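# A look at the structure
Residue-level listing of the chains:
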Amino acid sequence: MSIVLEARQVSKNFGGFHAVRNVNLRVQEGNIHALIGPNGAGKTTLFGLLTRFHSASSGSIFLKGEDITAKGPAEVALRGLCRSFQISSIFPGLTLRDNVRVALQRRYGSSHQFWLPSRVLSRFDDEAEQLLDLVGLTSLAQRLCSEVSYGRKRALEIATTLAMQPKVLLLDEPIAGMAAGDVPMIVELIRSVAKDRTVVMVEHNLSVVESLCDKVTVLVRGEVMAEGTYREIRDNPAVREAYIGAGYEV
Amino acid sequence: MVFKARSLSLPERSRFKVPLLPIGIALLAVAPLLLYPVFLMKLLCFGLFAAAVNLVLGYGGMVAFGHATFFGGAAYVTAHAFKEWGFGAGSGLMIGVAFALVTGFLMGLIAIRRQGFYFAMTTLALSQMAYFAFFQAPFTHAEDGIQRVPRPNFLGVISLSDNMSLYYFVVIVFLLGMLAIWRVIHSPFGASLTAIRENETRALSLGYQVNRYKLTVFVISAALSGLAGSLKVLVFQIATLTDVSWQMSGEVILMTLLGGVGTFLGPIIGAALVLTIQNYMASTAVPVTIFIGAAFIICVMLFRKGIVGEIDSFMRRERVSGWSGEEKVELQ
Ligand SMILES: Nc1ncnc2c1ncn2[C@@H]1O[C@H](COP(=O)(O)OP(=O)(O)O)[C@@H](O)[C@H]1O
Ligand SMILES: [Mg+2]
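Calculation criteria
Residues numbered from 1 in each chain as written. Chains lettered and ligands numbered in written order. Predicted model: local features only at pLDDT ≥ 70, side-chain atom pairs only at ≥ 80, totals over all residues. Heavy atoms only, no water. Helix = DSSP H or I, 4+ residues; strand = E, 2+ residues; numbered from the N terminus. Buried < 20%, exposed > 50% of the residue type's maximum accessible area, 1.4 Å probe, protein only. Contact = heavy atoms within 4.5 Å. Buried area = accessible area lost by both parts, 1.4 Å probe. Salt bridge = Lys/Arg side-chain N within 4 Å of Asp/Glu carboxyl O. Polar contact = N/O pair within 3.5 Å; in protein donor to acceptor, adjacent residues only side chain to side chain. Donors = N, O, S within 2.8 Å, 3.2 Å for Na, K, Ca; no water. Domains from an automatic or database assignment. Pairing = 2+ DSSP bridges. Axes fitted to C-alpha atoms, helices over the stretch in contact; angles between N-to-C directions. UniProt positions renumbered as here; feature names shortened; annotations may be inferred.

Moving on: the overall build of chain B. From N to C terminus, chain B includes 14 helices and zero strands. Starting at the N terminus and ending at the C terminus, chain B contains elements arranged as α-α-α-α-α-α-α-α-α-α-α-α-α-α. Counting all 332 residues of chain B, 55% fall into the buried class. Nonlocal contacts in chain B, meaning residues at least 24 apart in sequence, comprise 78% of its contacts between residues at least 6 apart.

Bringing the interface of chain A and chain B into the picture now. Listed per partner, the contact involves 48 residues of chain A and 37 residues of chain B. Counting each side, the surface lost to burial between chain A and chain B is near 3,600 Å², with a carbon and sulfur contribution of 59%. Area buried by chain A at its contact with chain B is led by Phe91, His112 and Phe114 of chain A, which between them contribute 17% of it. Counting across the chain A and chain B interface gives zero salt bridges. Remark: the boundary between chain A and chain B carries 20 residue pairs in polar contact (both at pLDDT 80 or more). Counting only elements with at least two residues in the side of chain A that touches chain B, the list comes to helix 2 (73–78), strand 6 (81–83), helix 3 (96–107) and helix 5 (150–163) of chain A.

In this section: the coordination of the magnesium ion (ligand 2). Ideal geometry at a metal gives 109.5 degrees between four tetrahedral donors and either 90 or 180 degrees between six octahedral ones. Residues and elements named next belong to chain A. The magnesium ion (ligand 2) binds to the protein through Thr44 (OG1) and Gln86 (OE1), with metal-donor distances spanning 2.0 to 2.1 Å. Taken together, the residues span a long stretch of sequence, with Thr44 in helix 1 (residues 43–50) and Gln86 in the loop between strand 6 and helix 3 at a distance of 42 residues. We classify Thr44 as partly exposed; its relative accessible area is 30%.

In this section: the domain arrangement of chain A. All names here are of chain A. What the domain assignment lists for chain A is domain 1 (1–78 + 169–179 + 200–250) and domain 2 (81–165). Computed over C-alpha atoms only, the centres of domain 1 and domain 2 are separated by 26 Å. At the junction of the two partners, domain 1 supplies 21 residues and domain 2 supplies 15 residues. Taking both sides of the interface into account, the surface hidden between domain 1 and domain 2 amounts to around 1,600 Å²; carbon and sulfur atoms contribute 63%. Inspection of the domain 1/domain 2 interface yields zero salt bridges. Between the two partners, domain 1 and domain 2, sit eight residue pairs in polar contact (both at pLDDT 80 or more).

Residue and element names in this part refer to chain A. Across the sheet, four strands lie side by side as 2-1-4-5; this open sheet has antiparallel pairing. Strands with a single pairing partner mark the edges of an open sheet, and in this sheet they are strand 2 (17–28) and strand 5 (66–67). Note: strand 4 (residues 58–63) against strand 5, two bridges, orientation antiparallel. Bridging across to strand 5, Phe62 finds its partner in Asp67. Lying over the sheet, helix 1 contacts strand 1 (3–14), strand 2 and strand 4, oriented at roughly 65° with respect to strand 2.

Let us look at the pairing of strand 3 (residues 32–36) of chain A. Residues and elements named next belong to chain A. Burial of strand 3 is extensive: five of the five residues sit out of reach of the surface. Here strand 3 shows a buried face lined by Ile32, Ala34 and Ile36 and a second buried face lined by His33 and Leu35. Pairing of strand 3 with strand 8 (residues 198–202), which is carried by four bridges, proceeds in the parallel orientation. By the bridge assignment for strand 8, His33 is matched with Val200. Bridge count between strand 3 and strand 9 (residues 215–220): four bridges; the pairing is parallel. Bridge pairing links Leu35 to Thr217 in strand 9.

A few words now on the UniProt feature "transmembrane region" (unreviewed entry) in chain B. Using the residue numbers shown here, the UniProt feature "transmembrane region" (unreviewed entry) corresponds to residues 20–39, 46–65, 85–110, 117–135, 166–185, 215–240, 252–277 and 284–303 of chain B. Between the C-alpha atoms that bound residues 85–110 of chain B there is a distance of 32 Å. The span itself is 85% helix and 0% strand.

What follows concerns unusual backbone geometry. The phi dihedral of Asn22 of chain A falls on the positive side, at around 45°, and the residue is not glycine. Inspection of the secondary structure puts Asn22 of chain A in strand 2.

What follows covers the environment of Ser55 of chain A. Among the structural elements, Ser55 of chain A can be located in the loop between helix 1 and strand 4. When residues no more than four places from it in sequence are discounted, the contact partners of Ser55 of chain A are Lys12 and Leu49 of chain A.

Now for the pairing of strand 4 of chain A. Residue and element names in this part refer to chain A. Sheet topology note: the strand 1/strand 4 ladder contains five bridges and is antiparallel. Within the sheet, the bridge partner assigned to Leu5 lies in strand 4 and is Leu63. What sits between strand 4 and strand 5 in their antiparallel hairpin is a turn of two residues, with Lys64 showing a positive phi close to 50°.

Glancing now at the side chain of Arg101 of chain A. Inspection of the secondary structure puts Arg101 of chain A in helix 3. Within the structure, Arg101 of chain A has its side chain in polar contact with the side chain of Asp98 of chain A (distance 2.7 Å).

Spelled out as structure tokens, the structure:
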């Protein structure tokens, strides 16, 4: 198994504050890799660094062996490294279907066509429908995004991210804020999409991590504290300490 | 300051289907029977200019403060081409548009990386530089401007010398310009612009190199502003420093805001309003700027989205209140 995504000695300072410090992360192709740690540990910042939304203060990032440290976030996304956001990030004034079509037209490279009528977007309808179906949103396809619940926005965000057919999918707390009834659907979805791609996910729900993830990296105060299978992590005393200190149940 | 266009009606959401084009053509055809054609032509030129600016302002979500450079610059180039090089009407307009397109590309290249206020200031600074360049360039004749510009034939044979035939020519060019704008708004690219305006970060994460889209819309807007400026030369037979001044950039933004930024017809309504006020005020002692300023403040206070924007959201409210569905319950 090869390494598909790698961070080498990556650091990020905000002012003088070290949000991420000398992090080494190696994600194996085909894995579901969890990133866990207490709030403020730097997980979201690390996602931002990997997807180039933040520029690293030092260190470098590799995607499929290629150094992407100097690339922009859009380029990285087009190379197959796509993310979702911790706080749901959608296009509120568009319908759910248009949200997905906007992603699809970018993937197919037709998003710059200013000379064609928007009617041509209908060629993405079937694919958009399938994607919405994956996350259980077919019946709301024509609704404006701003009119649906937060949990459904989260599901929609996963669908638009999948529309990019990423090789590596980065999900930042994908089920946080979802209605409890929808969680199993998303967990199963992640499991099924991970069959032919790599997933890195930040997740607080440790039973989800246990059932889904091949590997777990624990981040505490910007540094990697431990890495291994869920079992190894669970039995690691330092991790238990950090978690109990932060008021979490392990 | 951020201007947000109302959500773009992608095809299935276009709500009230008005046959805009036939109504527009009919109105424009009979208008010269009721109104002075030269005034109408002025309105069409500025309406097109404002609609072009609206592409950047309303649909691109960027406050650009330098569009006078494209409008007035194209006017100078077209005037010179008519007067000194003997260009025909069509080729004269085209060379003006080409000038605006290239200038727009250069200005956009420099300015687009800055955000918000800095973008506005960069475009203003660059257009002031252009102003002084035009002032110094011998072919513009500084304060005198290029005067007594001939009105060449179109395609060599169609004479535009009398006001009525010129009027219909201007109408056709105006309609072509507006159709171009309509196409850009209602295109895959238009959907990209909406997405970028709605959530730039998300657009980036979906692989949209947002600055390229912003540059494209800026260049299209510049080219169409140039078309409006060149058309103005044909009508008024003069190109002056006024057309490239920052006041011109400000005035066209005012027209757009008054009519409704991010609406298709708003800028034209806004242009009609401002030009009508200017027209009536010209014969009184009241300084025009004060009156327009007051009208602007009243408008912004009463209709925050501009005239057309208010009508549009009124129609939208009507429609939304007619909805029923399970999702409402879920909104809490
Ligand atoms: N843009 C920013 N500017 C300054 N500090 C930030 C910024 N983003 C995150 N931080 C800080 O970095 C730390 C890590 O944040 P984050 O990566 O969001 O943690 P996590 O996702 O693990 O909860 C926090 O203390 C947070 O306040
Ligand atoms: Mg976080």
